[in-house]
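# Architecture at a glance
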Amino acid sequence: MSNQGSRKRPLSGLRVLDFSNLLPGPYATLILVEAGAEVFKIERPEGGDELRAATPRWGESSLNFALLNGGKRSIAIDLKSPAERERLLPLLREADILVEQFRPGVMERLGLGYEALRVINPRLIYCSITGYGQDGPLSQVAGHDLTYMAETGLLSLSKGADGAPILPPVLVADIGGGTMPAVINILLALRHRDLSGEGSHIDVSITDNLFAFPYSALARGVGFDQWPRSGQERLTGATPRYQIYRTSDARHVAAAPLEQRFWRVFCETIGLDPAWRDDGRDPEGTREAIAALIARHDSAYWRRAFDGKDACAVVVNSMEEAAAHPHFRGHGLLERRISEGGRSAAAVRVPLDAQFVRNDADQACPALGEGNHLLGG
């Protein structure tokens, strides 16, 4: 492991075995690495984590792989071979946490299920991340972020100009339904172990966890039979107070002055005719009046107009503009770094408070199987 600096991190001394690949599990174990845990990434000998082969390339692996796996140790092993699995036993006996992302039943067939491992390591915290949970009619169905969003109804809540659902710009299901619940529950399981001395099996179902996001829509639907209509709810297009408006230079203003105090400032700033400020009377008319005003000026004009105003309205930044913004830079947005083959690149910080994470800046991207010597045999 790299130098941890003078400050002891909260997960220092904990050992994690990561049997996951792609995004949800690896991002969860990355957070554990940053908080001080030692993570062994268990990979297939032929190619390893599928994300290694993705683009853009960055040395021997992909940049995405490096971003999610810096600071881990890679062990390349054929889990289908009993002899190879035997070599893992010392690590399995000593591990504090195990993260796996196979379909239900796969680890059991390999002799690595929770019930088998708790016999040799009763303090083990075993976290299973799946699309649909450990049981039920969908438990064996393959999926990805988009299909999880579709299956849970989230994709239906907003639509484009043609009436079709909008492709989400970020992986909400993988991160919000998989990574974050996994980390939260692992930390709770560690606290439970402190109190009881016992390990536990954590069942992280990405789709189950996604229902936390539309909490209000689900409650109104179940409780009052008022199910949300695509693009016609308060946060999906029904009100002029929560809209995206086009500027004269084909950029956009994101306006969210929901509260009356912000709405008043917004209306004054753009010069909205008082006749349209009671948006409850004719919401569509108000929206069209605002759209016409925003379209008169370019994005630079609206940046200046909204600067310093409590209007809850901003020009939509590109990712490049956001990454260069002095506010986010000042908060250490790109202080974390990864390295490989003598090269170094900036990586976005994990979502942990600075006091809990490593204070040396660089994490190495593991080569496939570089930690195999630790197994012996």
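Residues numbered from 1 in each chain as written. Predicted model: local features only at pLDDT ≥ 70, side-chain atom pairs only at ≥ 80, totals over all residues. Heavy atoms only, no water.

## Considerations on helix 8 (residues 172-196)
- Between its first and last C-alpha, helix 8 extends 34 Å over 25 residues, near the 36 Å set by a 1.5 Å rise per residue.
- Here helix 8 has its buried residues at Ala 173, Asp 174, Gly 177, Gly 178, Thr 179, Pro 181, Ala 182, Val 183, Ile 186, Ala 189, Leu 190 and Arg 193.
- Close packing links the buried residues of helix 8 with helix 1 (24-34), strand 6 (97-100), strand 7 (125-130), helix 7 (145-151), strand 8 (200-205) and helix 9 (206-210).
- Just downstream of helix 8, Gly 197 is the residue with a positive phi angle, here 80°. (Helix = DSSP H or I, 4+ residues; strand = E, 2+ residues; numbered from the N terminus. Expected span 1.5 Å × (residues − 1). Buried < 20%, exposed > 50% of the residue type's maximum accessible area, 1.4 Å probe, protein only. Contact = heavy atoms within 4.5 Å.)

## Regarding the packing of helix 11 (residues 260-270) against helix 13 (residues 299-306)
- Contact pair helix 11 / helix 13: the axes reach a minimum separation of 10 Å and the direction vectors enclose 130°. When the interaxial angle is binned, helix 11 and helix 13 end up oblique. The element helix 11 and its partner helix 13 pack so that their crossing is right-handed. For the pair helix 11 and helix 13, contact is made by Phe 266, Thr 269 and Ile 270 and by Trp 302, Ala 305 and Phe 306, respectively.
- Here the residues of the contact of helix 11 with helix 13 are counted per class, giving 5 nonpolar, 1 polar and no charged. (Axes fitted to C-alpha atoms, helices over the stretch in contact; angles between N-to-C directions. Parallel < 35°, antiparallel > 145°, perpendicular 65-115°, else oblique. Left-handed = near helix turned anticlockwise from the far one by under 90°. Nonpolar A, V, L, I, M, F, W, Y, C, P; charged D, E, K, R; others polar.)

## Focus: the sheet that holds strand 11 (residues 313-315)
- Taken in spatial order, the 3 strands of this open sheet run 9-10-11, and their pairing is antiparallel. The open sheet has two edge strands with one neighbour each: strand 9 (243-246) and strand 11. Across the sheet, the mean angle from the axis of one strand to that of its neighbour is 25°, orientation sign disregarded.
- Where strand 9 and strand 10 (residues 252-255) come together, 4 bridges link them in antiparallel fashion. Bridge pairing in strand 10 places Ile 244 opposite Ala 254.
- Contacting strand 9 and strand 10, helix 12 (residues 283-294) runs over the sheet at an angle of about 40° to strand 9.
- Contacts from helix 13 reach strand 10 and strand 11 within the one sheet, and its direction differs from that of strand 11 by about 145°. (Pairing = 2+ DSSP bridges.)

## A closer look at unusual backbone geometry
- Cis geometry marks the peptide bond from Thr 55 to Pro 56; its omega dihedral reads 0°.
- Relative to the elements of secondary structure, Pro 56 occurs in the loop between strand 2 (38-43) and strand 3 (57-58).
- Phi at Leu 22 takes a positive value of approximately 60°, unusual for a residue other than glycine.
- Looking at the secondary structure, you find Leu 22 in the loop between strand 1 (15-18) and helix 1.
- Since its relative accessible area comes to 26%, Leu 22 is described here as partly exposed.
- In this structure, Cys 312 is a non-glycine residue whose phi angle is positive, near 50°.

## Comments concerning the side chain of Arg 9
- Relative to the helices and strands, Arg 9 is located in the segment before strand 1.
- The exposure class assigned to Arg 9 is buried, which follows from its relative accessible area of 4%.
- At 3.0 Å, the side chain of Arg 9 forms a polar contact with the backbone oxygen of Val 33. (Polar contact = N/O pair within 3.5 Å; in protein donor to acceptor, adjacent residues only side chain to side chain.)

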